[in-house]
Amino acid sequence: MNFTRLQYFCDVAKLHSFSQAAEQNFISQTAISQQVAKLERELDATLIDRTKLPIELTRIGKAVYKRASIMLEQYHILKGEIARLRQTSNLLTIAYPNGATESVEKLVLPTIKTMDDLELFLVKSDLNDIQEKLLNKTVDMAVCFDSEITANEQLSTLTLAQGNYEVVVGPDHPWYQLRSINPQQLLNQSIIYVASRPNTNSYLKMKDHSKADHVPLKITATVSDIDTALLLVQLNKGITFIPDYKKINSDFHTLHRVKILNSQHQYKICLAWRKNDSNLKLKSVIQAFQR
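Here's a quick rundown of the structure.

How each quantity is defined
- Residues numbered from 1 in each chain as written.
- Predicted model: local features only at pLDDT ≥ 70, side-chain atom pairs only at ≥ 80, totals over all residues.
- Heavy atoms only, no water.
- Helix = DSSP H or I, 4+ residues; strand = E, 2+ residues; numbered from the N terminus.
- Rg over C-alpha atoms; globule rule 2.2 N^0.38 Å.
- Contact = heavy atoms within 4.5 Å.
- Areas by Shrake-Rupley, 256 points an atom, 1.4 Å probe, with all protein chains shown as cover.
- Lys, Arg positive; Asp, Glu negative; His and termini not counted.
- Charge placed at Lys NZ, Arg CZ, Asp CG, Glu CD.
- Buried < 20%, exposed > 50% of the residue type's maximum accessible area, 1.4 Å probe, protein only.
- Arc of directions from axis to C-beta.
- Phe/Tyr/Trp six-rings, centres within 6.5 Å; stacked < 30°, edge-to-face > 60°.
- Core = buried A, V, L, I, M, F, W, Y, C linked by side-chain atoms within 4.5 Å.
- Axes fitted to C-alpha atoms, helices over the stretch in contact; angles between N-to-C directions.
- Left-handed = near helix turned anticlockwise from the far one by under 90°.
- Nonpolar A, V, L, I, M, F, W, Y, C, P; charged D, E, K, R; others polar.
- Parallel < 35°, antiparallel > 145°, perpendicular 65-115°, else oblique.
- Pairing = 2+ DSSP bridges.

Observations concerning the overall build of the chain
Moving on, step 1. Along its length, the chain carries nine helices and twelve strands.
Moving on, step 2. By the compact-globule yardstick of 19 Å for 291 residues, the chain fits well, its C-alpha radius of gyration being 20 Å.
Moving on, step 3. Dimensions along the principal axes, computed over C-alpha positions, put the chain at roughly 60 × 50 × 30 Å.
Moving on, step 4. In the chain, once contacts between residues fewer than 6 apart in sequence are set aside, the share between residues at least 24 apart is 74%.
Moving on, step 5. Total accessible area on the chain stands at roughly 15600 Å², and carbon and sulfur atoms take up 48% of it.
Moving on, step 6. The averaged location of the 30 negative side-chain charges in the chain is 1 Å from the averaged location of its 35 positive side-chain charges.

Digging into helix H5 (residues 101-112)
Moving on, step 1. Of the residues making up H5, those classed as buried are Thr-101, Ser-103, Val-104, Leu-107, Val-108 and Ile-112. End-on, the buried residues of H5 take up no more than an arc of 160 degrees, which puts them together on one face.

Some words on the packing of aromatic side chains
Moving on, step 1. Counted by the stated rule, this structure contains five aromatic pairs.
Moving on, step 2. Look at Phe-145 and Tyr-267: their rings are 6.1 Å apart centre to centre, the planes differ by 85 degrees, and that puts the pair in the edge-to-face class. Placement of the pair is Phe-145 in strand E5 (residues 141-145) and Tyr-267 in strand E12 (residues 266-274), with a sequence separation of 122 residues. Considered together, Phe-145 and Tyr-267 belong to a single accessibility category, that of buried residues.

Describing the nonpolar core
Moving on, step 1. Counting 23 residues, the largest nonpolar core has Val-108 and Val-285 as its most contacted members.
Moving on, step 2. Broken down by element, the residue count for this core peaks at five residues, all from helix H9 (residues 280-290).

Some thoughts on the packing of H5 against H9
Moving on, step 1. Two elements in contact, H5 and H9, have axes whose closest approach is 10 Å; the angle formed by their N-to-C orientations is 115 degrees. As H5 runs across H9, the sense of the crossing is right-handed. Contact residues: H5 offers Leu-107, Val-108, Thr-111 and Ile-112, while H9 offers Val-285, Ala-288 and Phe-289.
Moving on, step 2. Across the contact of H5 with H9, the residue classes break down as six nonpolar, one polar and no charged.

Here's the deal with H9
Moving on, step 1. Here H9 has its buried residues at Lys-281, Leu-282, Val-285, Ile-286, Ala-288 and Phe-289. One side of H9 holds all its buried residues, which, seen down the axis, span an arc of 155 degrees. In H9, the exposed residues that point more than 90 degrees away from the buried face are Leu-280 and Gln-290.
Moving on, step 2. At its buried positions, H9 is contacted by strand E3 (91-97), H5, E5, strand E6 (155-169) and E12.

A closer look at the packing of helix H1 (residues 3-15) against helix H3 (residues 29-43)
Moving on, step 1. At a closest axis distance of 9 Å, the pairing of H1 and H3 adopts a crossing angle of 110 degrees. Considered as vectors, H1 and H3 are oriented roughly perpendicular to each other. Here H1 contributes Arg-5, Leu-6, Tyr-8, Phe-9 and Val-12 to the contact with H3, which in turn contributes Ile-32, Gln-35, Val-36, Lys-38, Leu-39 and Glu-42.

A short note on the pairing of strand E10 (residues 239-243)
Along any regular strand the residues' side chains alternate between the sheet's two faces.
Moving on, step 1. Counting buried positions along E10 yields five of five residues, so the element is predominantly enclosed.
Moving on, step 2. Side chains of E10 alternate between two faces, with Ile-239, Phe-241 and Pro-243 and Thr-240 and Ile-242 buried alike.
Moving on, step 3. The pairing of E6 with E10 spans four bridges and is antiparallel. Opposite Glu-166, over in E10, you have Ile-242 as the bridge partner.
Moving on, step 4. Note: strand E8 (residues 190-194) against E10, two bridges, orientation parallel. For Ile-192, the partnering residue across the bridge sits in E10 and is Thr-240.

Everything listed here is a matter of coordinates, which is why it stays silent on function.
Spelled out as structure tokens, the structure:
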């Protein structure tokens, strides 16, 4: 079984998009499509229904995705354990959430590349599992939203970037010609929220932001990925939030971003690591980011 091929399939399945999965893995859309097709031939089963937009998994595809995600998770953990057993003192394992390739590429890699003799191992993870990976020592460090770090007595954080959430609206929405709104205008708007599971830390943080703005949000749909949210926006089913740094896929070029002025709907992207970790290479990396 080719684990790279499995990873490509899981990325396509999670993002519901060949183009986004290709961009995330720094390969062409043709290449990732060919790799998924090879996996389908290997398993003698159709995994993806390509007639629908966004693409959907077949019944067999859903079963494969569930098992493949577990296999990949264990594979990454195994690779990390092997490296540690080899006593590779220069190894640094960093977890980052699905869909955060832009953040890693822009905020982390430039600093890491300046360090000599550092072996970097990146682990793609569900956003909601990153804190657990830090606490159980599966990874040395993580890049994530600060809302996911709640074990402050055990973990330290360093802010890498911060910004504001914007809303995305469709061509038929009254805000389509606007550049900005105030928080009170969000009242009674149908919100499409992106979350991989209910009641995540990010969801609770968003509710705190709404409370601080004195504007309760009306969430009418929760979806697992941003592409599905944008598709529903395009179909005029509501509006969705997106961080100001996040690019919108070209498939949704008709959508429009609107700034929210003087709002608490903000984010921080941070590095997180275990306090009192004895990894000397980790300490030097943290110092590099603190400079």
